[in-house]
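# Structural characterization, general
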Amino acid sequence: VQWTERFFAASGKTVPVDESMMDAVTAVSGTGPAYFFYVIEAMIEAGVAEGLTPEFAFQLSVQTCAGAAKLLAETGRAPEDLRAQVTSPGGTTQRAIETLDAADAKAHWVAAVRAAAARSRELGK
């Protein structure tokens, strides 16, 4: 186990996980990059719809997400705290979050990740 942890640590962080949690790990982390890319796709599409070039919308979206992920990783603060910190009352971010909340976006994301876990369990049978 120690050798395996050292081997995989060469390419990133490792966390020992009980085998019974592997479907959840697959749903959150294994499938996670696709979720991230999906959000960036939407940001790019919205930027283009607002008049940005696809290239500029891509750069803005990727750098914004990279910076946010770095801040989250470096501070260790809860994502909801960081989101609240950058959400000005009555501002643009608040309007965007209200729009997402009205569409129940968070519940849809939770359902999607849980569906991935369910599919992982199905595939494991």
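What you see is a predicted model; the values in this text were computed from it and never measured.

Each value, and the rule that gives it
Residues numbered from 1 in each chain as written. Predicted model: local features only at pLDDT ≥ 70, side-chain atom pairs only at ≥ 80, totals over all residues. Heavy atoms only, no water. Salt bridge = Lys/Arg side-chain N within 4 Å of Asp/Glu carboxyl O. Helix = DSSP H or I, 4+ residues; strand = E, 2+ residues; numbered from the N terminus. Buried < 20%, exposed > 50% of the residue type's maximum accessible area, 1.4 Å probe, protein only. Phe/Tyr/Trp six-rings, centres within 6.5 Å; stacked < 30°, edge-to-face > 60°. pLDDT = per-residue confidence, 0-100.

This paragraph deals with the pattern of salt bridges. A full pass over the atoms with the stated rule returns two salt bridges. Put simply, E74 and K70 hold a salt bridge, and the shortest N to O gap is 3.9 Å. Remark: K70 and E74 occur in helix 4 (residues 54–75); sequence separation between them is four residues, near one turn of the helix. In this structure E74 comes out as exposed when scored by relative accessible area, which is 58%. Where E122 meets R119, a salt bridge forms, and the shortest distance between an N and an O atom there is 2.9 Å. Taken together, the positions of E122 and R119, both in helix 7 (residues 105–123) and three residues apart, correspond to about one turn of that helix.

Our next topic: the environment of D81. On the secondary structure map, D81 appears in helix 5 (residues 79–85). A sequence separation of 69 residues divides D81 from G12, and the C-alpha atoms of the two residues are 26 Å apart.

Further remarks concern the packing of aromatic side chains. A complete count under the given rule lists four aromatic pairs for this structure. A ring pair is formed by W3 and F7, whose centres lie 5.3 Å apart and whose planes are at 15°; its orientation type is stacked. On the criterion of helical spacing, the pair formed by W3 and F7 is a turn pair, its members being four residues apart in helix 1 (residues 2–9). Overall, the relative accessible area of 48% leaves F7 in the partly exposed class. Among the aromatic residues, those joined into a ring-pair cluster are Y35, Y38 and W109.

A word on the confidence of the model for the protein chain. Mean pLDDT over the protein chain works out to 94, with 100% of the residues at or above the 70 mark. Summarising per-element confidence for the protein chain, the mean pLDDT is lowest in helix 1 (78) and highest in helix 6 (residues 92–102) (98).

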